Amino acid sequence: MAQKRDYYEVLGVTKSASADEIKAAYRKLALKWHPDRWVNASDAEKKTAEENFKEAAEAYSVLSDPDKKARYDQFGFAGDQMGGGGGFDFGGFDLNDILRNVFGGGFNFGGGSRKSPTAARRKSPSNGTAPARTATERAPRARPISRPARPATAADRSSAW
């Protein structure tokens, strides 16, 4: 297993960096190493980009959370080996949540059908009423059904003259 780099080193910030500085550094790296930017690259470059992207996301997931950051600052990588829920769970971090938090909605890697936080609020409104749907959530308008003209009957022909 490869030796992990210090999370501050990965993001290129100091230990005294503010949350905004950490976020800006992650955002810069995420844009640089995002897999969609390496589509036409060689397989080796794609693999390197993916590893760097995941490493930056892992570093941001720890340094952006005050509890995890304090634990990492105190214990380093040994914090992930502590029992009782005191460690980090790097295998279970959700890259989609991180990217939504940093860049806003619209990210969904892996093709999973994950519901957005807005959909969760719609499902169980706190005030007991159904929230109004936005224009993009409304169903498209139905077109009127065009029916073929009915064939004329003998009664219709006699009344027309």
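## Here we look at the nonpolar core
Nonpolar side chains in soluble globular proteins tend to be buried together.
So, step 1. Counting 21 residues, the largest nonpolar core has Y7, L11, V13, I22, Y26, L63 and Y72 as its most contacted members.
So, step 2. When contributions to this core are tallied by element, the ones reaching two or more residues are α1 (7-11), α2 (19-33) and α3 (43-63).
So, step 3. Considering every element that reaches this core, the biggest residue donor is α3, with 8 residues.
So, step 4. Not counting residues within four places of it along the chain, the set of residues in contact with L11 comprises I22, A25, Y26, L29, A56, A59, Y60 and L63.

## Some details on the packing of aromatic side chains
So, step 1. The tally for this structure, following the rule as stated, stands at 4 aromatic pairs.
So, step 2. Taken together, a centroid distance of 6.1 Å and an interplanar angle of 40° make the contact between Y8 and Y72 tilted. Of this pair, Y8 sits in helix α1 while Y72 sits in helix α4 (residues 66-75), placing them 64 residues apart in sequence.
So, step 3. With centroids separated by 5.5 Å and ring planes inclined at 10°, the aromatic side chains of W33 and W38 adopt a geometry described as stacked.
So, step 4. By relative accessible area, W38 is classed as partly exposed at 23%.
So, step 5. Within the aromatic cluster, the residues linked to one another by ring pairs are Y7, Y8 and Y72.

## Comments concerning the environment of K15
So, step 1. Mapped onto the elements, K15 comes out in the loop between α1 and α2.
So, step 2. Distance in space between the C-alpha atoms of K15 and L63 is 9.6 Å, their sequence separation being 48 residues.
So, step 3. For K15, the residues in contact, after removing those within four places along its chain, are Y8, K69 and D73.

## Structural notes on the pattern of salt bridges
So, step 1. Using the criterion set out here, one finds 6 salt bridges in the structure.
So, step 2. Between E58 and K4 there is a salt bridge, with the nearest N and O atoms lying 3.1 Å from each other. With E58 in helix α3 and K4 in the segment before α1, this pair connects stretches of sequence that are 54 residues apart.
So, step 3. According to the relative accessible area criterion, K4 is partly exposed, its value standing at 28%.
So, step 4. Here K47 ties to E51 by a salt bridge, and the two come within 3.5 Å at their closest N and O atoms. Note that K47 and E51 are positioned in helix α3 at a spacing of 4 residues, about one turn of the helix.

## Quick notes on the environment of W33
So, step 1. By the element assignment, W33 lies in helix α2.
So, step 2. If near-sequence neighbours (up to four positions away) are discounted, W33 is found in contact with W38, A49, N52 and F53.

## Topic: the confidence of the model for the chain
Caution applies to low-pLDDT parts of the model: their predicted coordinates are not meant to be read in detail.
So, step 1. Averaged over all residues, the pLDDT of the chain equals 73, while 49% of them reach at least 70.
So, step 2. In the model of the chain, helix α6 (residues 117-123) stands out as the element of lowest mean pLDDT, 50, in contrast to α2, which has the highest, 93.
So, step 3. Across residues 83-87 the pLDDT falls below 50, and counting only partners more than four positions away or on other chains, this stretch makes 6 contacts in the model.

## So, the packing of α3 against α4
So, step 1. Orientation of α3 relative to α4, taken along the N-to-C sense of each, is 100°, at an axis distance of 6 Å. In terms of orientation, α3 and α4 fall into the roughly perpendicular class. The residues of α4 that touch α3, namely those facing S61, V62 and L63, are K68, K69 and Y72.
So, step 2. Residue composition of the contact of α3 with α4, by class: 3 nonpolar, 1 polar and 2 charged.

The rules behind these values
Residues numbered from 1 in each chain as written. Predicted model: local features only at pLDDT ≥ 70, side-chain atom pairs only at ≥ 80, totals over all residues. Heavy atoms only, no water. Core = buried A, V, L, I, M, F, W, Y, C linked by side-chain atoms within 4.5 Å. Buried < 20%, exposed > 50% of the residue type's maximum accessible area, 1.4 Å probe, protein only. Helix = DSSP H or I, 4+ residues; strand = E, 2+ residues; numbered from the N terminus. Contact = heavy atoms within 4.5 Å. Phe/Tyr/Trp six-rings, centres within 6.5 Å; stacked < 30°, edge-to-face > 60°. Salt bridge = Lys/Arg side-chain N within 4 Å of Asp/Glu carboxyl O. pLDDT = per-residue confidence, 0-100. Axes fitted to C-alpha atoms, helices over the stretch in contact; angles between N-to-C directions. Parallel < 35°, antiparallel > 145°, perpendicular 65-115°, else oblique. Nonpolar A, V, L, I, M, F, W, Y, C, P; charged D, E, K, R; others polar.

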